[in-house]
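# Understanding the architecture of this molecule
Chain by chain, the residues:
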Amino acid sequence: MPKISVVVPCYNQAQYLEECLQSVLEQSYADWECIIVNDGSPDNTEEVAKKWVAKDARFKYLLKENGGLSSARNAGIEIAEGEWILPLDADDKIGARYLELAEKEFDENYTIIYCEAEFFGEKQGKWKLPEFSVKELAFQNVIFCSAFFKKENWQKIGGYDTDLKYGWEDWEFWINYMKNNSKGIYKIPKICFFYRVKETSM
């Protein structure tokens, strides 16, 4: 069983999917699986995904009816075999050492592990997120979606809220998650997450 499951929901993002999956393939840490969830996408997501499944057996493909981002993430995590989950949106990418650096911290009893981040695409430069605190989280989302958490903790809170379809699902998920796991947030002091800014970003 892999230690880390990367879950990549994809809806109409086939044009970016290759770059996203390439960033997973280039990881310095090898004990992962990557589940590509096609959320009923009308574009050529399936064609792209199947190419990657053929390229490396650690890539897995799941097709489901369209249900929105939360539903797609939940479906991928449901079949994930890893102890730790890393959601990754199909238009973003991760640095080559993100999994390796996170895995070094897995035995430290952290509940969330994330990192420094940077924008690319229509906007460049460092993403200056406020430092994490439960109080700060009540006001705004201070952790992006691509942070590591344990599958068992996701199960305890019932996953992502599928009623949220307009971009608040990460924030709501972290608030729910922190209610039961308020200790142990670790931020890797290195830029390992790259968030694509598009003209139509959520």
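For clarity, every value in this text was computed on a predicted model and none was experimentally measured. Numbering of residues starts from 1 in every chain and runs along the sequence as written. Residue-level local features of this predicted model are given only where pLDDT is at least 70; pairs of side-chain atoms are given and counted only at 80 or more, and the full residue set underlies all totals for whole chains, interfaces and linings. To obtain the side-chain values, all non-hydrogen atoms of the structure were included, while hydrogens and water were left out.

### Here's the deal with the sheet that holds strand β5 (residues 93–94)
By the convention used here, strands pair only if DSSP detects at least 2 bridges between them. To qualify as a helix, a DSSP run of H or I must reach at least 4 residues; to qualify as a strand, a run of E must reach at least 2; elements of each kind are numbered from the N terminus. One open sheet holds the 4 strands; their spatial order is β5-β9-β6-β7, and the pairing between them is mixed. Edge positions in the open sheet fall to β5 and β7 (125–127), since each of these has one partner strand only. The pairing of strand β6 (residues 112–121) with β7 spans 3 bridges and is classified as antiparallel. The partner of Phe 119 across the bridge, within β7, is Gly 125.

### Structural notes on the pairing of strand β2 (residues 32–39)
Buried residues dominate β2, accounting for 8 of its 8 residues. Where burial is concerned, the two faces of β2 agree: the one with Trp 32, Cys 34, Ile 36 and Asn 38 and the one with Glu 33, Ile 35, Val 37 and Asp 39 are both buried. The parallel pair strand β1 (residues 4–10) and β2, bridged by helix α1 (residues 14–25), forms a crossover whose chirality is right-handed. Alignment of β2 against strand β3 (residues 59–64), held across 6 bridges, turns out to be parallel. Directly across from Cys 34, in β3, lies its bridge partner Phe 59. Relative accessibility under 20% of the residue-type maximum defines a buried residue, over 50% an exposed one, and the middle range a partly exposed one, all with a 1.4 Å probe and only protein chains included. Crossover handedness is defined here as right-handed if the route from the first strand over the helix to the second strand goes clockwise, with the strands pointing away from the viewer.

### A word on the side chain of Ser 23
Mapping Ser 23 onto the fold places it in helix α1. According to the relative accessible area criterion, Ser 23 is buried, its value standing at 6%. Any pair of nitrogen or oxygen atoms within 3.5 Å is treated as a polar contact; in protein, a donor-acceptor pairing is required on top of that, and neighbouring residues in sequence qualify only through side-chain atoms on both sides. There is a polar contact of 2.6 Å between the side chain of Ser 23 and the backbone oxygen of Cys 20. Every residue in contact with Ser 23, bar those within four places of it in the chain, is listed here: Leu 88, Lys 93 and Ile 94. The contact criterion used is simple: two residues touch if any of their non-hydrogen atoms lie within 4.5 Å.

### A word on the nonpolar core
As a rule of thumb, nonpolar side chains are buried together in soluble globular proteins. Note on terminology: a nonpolar core comprises buried Ala, Val, Leu, Ile, Met, Phe, Trp, Tyr and Cys residues joined through side-chain atoms within 4.5 Å. Core analysis: the largest hydrophobic core is formed by 39 residues, its most contacted members being Ile 4, Val 6, Val 8, Tyr 98, Leu 99 and Phe 148. When neighbours within four sequence positions are excluded, Val 8 is seen to be in contact with Leu 17, Cys 20, Leu 21, Cys 34, Ile 35, Ile 36, Val 37, Leu 88, Asp 89 and Ala 90. The next biggest cluster of nonpolar side chains, apart from the first, holds 10 residues, and it includes Val 7, Ala 72, Ile 77 and Ile 85.

### Looking at the sheet that holds β3
Strand order in the open sheet formed by 5 strands is β3-β2-β1-β4-β8, with mixed pairing between adjacent strands. Of all the strands in the sheet, the pair left with one neighbour each is β3 and β8 (149–150). Pairing of β1 with β2 involves 7 bridges; the strand directions are parallel. Residue pairing for β2: Val 7 is matched across the bridge by Ile 35. Contacting β1, β2 and β3, helix α2 (residues 45–55) crosses the sheet at an angle of about 155° to β3. Here an angle of 0 to 180 degrees is reported between the N-to-C directions of two axes, which are lines fitted to C-alpha atoms, with helices fitted over the stretch in contact.

### What to know about α2
Within α2, the full set of buried residues consists of Thr 45, Val 48, Ala 49 and Trp 52. Relative to the axis of α2, the buried residues are bounded by an arc of 95° and lie together on one face. What points out from α2, more than 90 degrees from its buried face, is the exposed set Glu 47 and Ala 54. Where the residues of α2 are buried, they touch β1, α1, β2 and β3. Working definition: the arc comes from the directions between the helix axis and the C-beta atoms, pointing outward to the latter.

### What about the packing of aromatic side chains?
Only Phe, Tyr and Trp rings take part, Trp by its six-membered ring, and two of them pair if their centres are within 6.5 Å. Stacked means planes under 30 degrees apart, edge-to-face means over 60, and tilted covers everything else. By the definition in use, this model includes 8 aromatic pairs. Ring geometry for Trp 84 versus Phe 106: centroids 4.2 Å apart, planes at 5°, classification stacked. Taken together, the residues span a long stretch of sequence, with Trp 84 in strand β4 (residues 84–87) and Phe 106 in the loop between α4 (98–103) and β6 at a distance of 22 residues. With respect to class, Trp 84 is no different from Phe 106; both count as buried. Judged by centre distance (4.9 Å) and plane angle (75°), the rings of Tyr 98 and Phe 148 are edge-to-face.

### Section: the environment of Tyr 160
The residue Tyr 160 is located in the loop between α6 (151–157) and α7 (169–180) in this model. A relative accessible area of 3% means that Tyr 160 is categorised as buried. Spatially, the C-alpha atoms of Tyr 160 and Asn 74 are 6.4 Å apart, while their sequence positions differ by 86 residues.

What is shown is where atoms sit, not what they do.
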